[in-house]
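Secondary and tertiary structure notes
These are the residues of each chain, in order.
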Amino acid sequence: MNPDDKDKQQLRAAAEAELAQRPPGLTLGEGDAQRLLLELQVHQIELEMQNEALRQAQEALEESRDQYFDLYEFAPVGYLTLSADGLIAQINLTGAKLLGRERDKLLLRPLRAFVMGRDEDRWMRHFITLKAGGEQGSIELELQRGDGSVFNARLDCTPQSERTPGMRIAMADITRQMQAAAQIRKLSMAVDQSPASIMITDLAANIEYANPSFLRSTGYEREEVIGENPRLLKSGKTPLETYGAMWDALTSGRPWQGEFVNRRKDGSEYVELAIITPLRDPDGKVTHYVAVQDDITEKKRLAAELDALHQNLEALVVQRTAELAEARDAAETANRAKSAFLANMSHEIRTPMNGILGMAHLMRRGGVTRQQADRLEKIDTAAQHLLGIINNVLDISKIEAGRFKLDEVPLALDEIVRDVVDLLAERARAGNIELLTQIEAVAPNLLGDPTRLQQALLNFATNAVKFTQAGRVTLRIRKQEETADTALLRFEVEDTGIGITPEAIARLFIAFEQADNSTTRKYGGTGLGLAITRRLAHLMGGEAGVESTPGVGSTFWFTARLKKHERRETVRQPPAASVDAEAEIKQHYPARRILVVDDEPVNREVARMLLEDINLVVDTAEDGDEALALVQQHSYAAIFMDMQMPRLNGLAATRQIRELPGYAQTPIIAMTANAFAEDKARCFEAGMSDFLVKPFDPETLFATLLRTLQRVG
């Protein structure tokens, strides 16, 4: 109440009190004039107070109307009112913006005019049903904006009263939600269809999810395992220390890898290699554990047979020297069989990994929530780690099978060292480690394989940074010998890390071995890096070794005998300017028709979506026969061709396509999980233009396509 109102109420109260004191029997002549004057004053005060209250109510009404107008016009959803004939009688600014038209141009137009043809009948049935007596209902439709673009909309419809026939509608754009849901479904399909056994538990180890591979591997039905503890698979033959190490790692928030001897529902036993990882929410809190498991029973059996064979061969060497050559041939044959098996396993893993990595990329590209982005990043990190292991296993298998080839090109040793330092710089800074380089002057005209030299040096340097808590890591190149034709160089990586005991050094360079081979080891890894480095050194005419003092540090080294070429100086070309292949294709090759041929549905889908995202028109085929039919119906700017497919494989299909009119120069790009050099050679012999190894990243896909398109113009 303001001061004026208070004064008026006090004046009114005084007047009423004065009237109350007047004797009731007084006649008009004795005091009625004064009494009437007081009554008039009271009525005037009451009238003024009523006028003030009316004014305040009017102001409140106007303010409420303005607020309602703002809420209505700028609401996060579109509001429409339809007449009984389905015409737009009223629409707010948000609704007009969603439909991409000015409000005046929407009024008195039927809403069905903006519904895409395939949804028009559904909308009309929905409208008629609600109009005929339905209470309210929702429907999802595809609507077209004024610029021709289409969006997914949800319409929440409420019929009006019989007195005002028509319908009120709340309209929301749900395009992103539907796209995100579709991407999540595809990723879920990739996990469900993975050949690996995948299980997710809560923190109490109760199973919440098991994929079909898990059910096939264990023999249980889904309802038999959901809510159960994985201990139902225990055989009693897994050491208790394994479980202890696993829980020590998981409860500390670290992933764990190890082997279990498990029992299926039918009682049969099998050995599984498991990688168990804590899952975290966006706040970093561990909420679940995910286990990816692989049945390695057959692999261990083969390994045991190979070990037994090797032991038997050693005995035969002692007993029958004359049979040494035959025994050695048998061992090498077995080793090549193992390498072929590993290479085939690599191919089978690379194919679904391409789908997993591709779908994860597409989901990020399409826009996801922070929680989804965090989970996709974990999937991508785990997949990249697994891919690194596969590549190392593949390198070992190729070397052991005698199928590993080294390049011989002019070397720039300082660039190799600089690249290694650049790769490790961020990790070194995080660990408070100083990276130093010392390169001795050597002959400038050396030939070698820069990729493998960098790989060997990076293997040593990565371990040095990993096992050094603080201090320095030094990369060094020294000349040991030199002749007119060759030079023997020594590459060293010296660290101030934890050092290695003499007992552990003996097994360091053995494949799949580490200095600490227990299940509680702190630093992880497969033990392949050092084995690969020693084998690379052997291929380059050198050796590899280590000198170490526990608690002081280590120096890992390898040597390589490198040939010289006639030119005394290496001409260094300036680095090529970075090219945005995606932008180049969008600008110079829009709407070009591309054919993707692959027998794996998820891989076809990943390639199709990536290419369509850069404005290309994409057809797909699941084998060579279907591809041949399509190329005779359409003209393609480029073709992506898988190697291994049913019916007609990629090599045979390529040869037949090359014989068709107009396809002699069409780019045909191999898109395959076959990663051996001879596979690449076979593709080029069949007439392919380029080679793309699965799993590929989108940048490599676009760069390869751009390169081939530029070649043919």
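Below is a short write-up of the structure. As the structure is a prediction and not an experimental result, all values here were calculated from the model.

**Considering the nonpolar core**
Leu 475, Phe 491 and Phe 558 are the most contacted members of the largest nonpolar core, which has 41 residues in total. Only helix H12 (413–430), helix H13 (450–466), strand E14 (471–482), strand E15 (486–495), helix H15 (528–539), strand E16 (544–549) and strand E17 (553–563) provide two or more residues apiece to this core. Setting aside residues no more than four positions away along its own chain, Phe 558 makes contact with Leu 453, Ala 456, Leu 457, Phe 460, Leu 489, Arg 490, Phe 491, Thr 533, Ala 537, Met 540, Glu 543 and Ala 544. One finds Met 363, Ile 614, Leu 701 and Leu 706 within the second-largest nonpolar core, a separate group that totals 29 residues.

**Concerning the packing of aromatic side chains**
Scanning the model with the defined rule gives seven aromatic pairs in all. Measuring from ring centre to ring centre gives 5.9 Å for Trp 247 and Tyr 289, while their planes differ by 75°; the resulting arrangement is edge-to-face. Taken as a pair, Trp 247 in helix H8 (residues 240–251) and Tyr 289 in strand E10 (residues 286–295) lie far apart in primary sequence, 42 residues in all. Owing to a relative accessible area of 8%, Tyr 289 belongs among the buried residues under this scheme. Here a set of aromatic residues connected by ring pairs shows up, and it is made of Phe 460, Phe 491, Phe 556 and Phe 558. The positively charged end of Lys 234 is found above the aromatic ring belonging to Tyr 243, 4.4 Å away from the centroid.

**Some words on helix H16 (residues 581–588)**
Taken residue by residue, H16 has Ala 581, Glu 582 and Ile 585 as its buried positions. Viewed end-on, H16 has its buried residues packed into an arc of 105°, placing them on one side of the element.

**Focus on the pattern of salt bridges**
In total, this model carries 36 salt bridges according to the counting rule given. Here Asp 625 and Arg 647 are joined by a salt bridge, their closest N and O atoms 3.8 Å apart. Of the two residues, Asp 625 is situated in helix H18 (residues 624–631) and Arg 647 in the loop between strand E20 (638–641) and helix H19 (650–658); the sequence distance between them amounts to 22 residues. A single network of salt bridges, built from pairs that share partners, joins Arg 476, Arg 478, Arg 490, Glu 492, Glu 494 and Glu 547.

**Points about the pairing of E14**
As judged from the seven bridges shared by strand E12 (residues 433–439) and E14, these two strands associate in the parallel manner. In the sheet register, Glu 434 faces E14, and the bridge partner there is Arg 472. In terms of strand pairing, E14 meets E15 through nine bridges, oriented antiparallel. For Thr 474, the partnering residue across the bridge sits in E15 and is Glu 494. Hairpin connection between E14 and E15: a loop of three residues separates the two successive antiparallel strands.

The rules behind these values
Residues numbered from 1 in each chain as written. Predicted model: local features only at pLDDT ≥ 70, side-chain atom pairs only at ≥ 80, totals over all residues. Heavy atoms only, no water. Core = buried A, V, L, I, M, F, W, Y, C linked by side-chain atoms within 4.5 Å. Buried < 20%, exposed > 50% of the residue type's maximum accessible area, 1.4 Å probe, protein only. Helix = DSSP H or I, 4+ residues; strand = E, 2+ residues; numbered from the N terminus. Contact = heavy atoms within 4.5 Å. Phe/Tyr/Trp six-rings, centres within 6.5 Å; stacked < 30°, edge-to-face > 60°. Lys NZ or Arg CZ within 6 Å of the ring centre and 35° of its normal. Arc of directions from axis to C-beta. Salt bridge = Lys/Arg side-chain N within 4 Å of Asp/Glu carboxyl O. Pairing = 2+ DSSP bridges.

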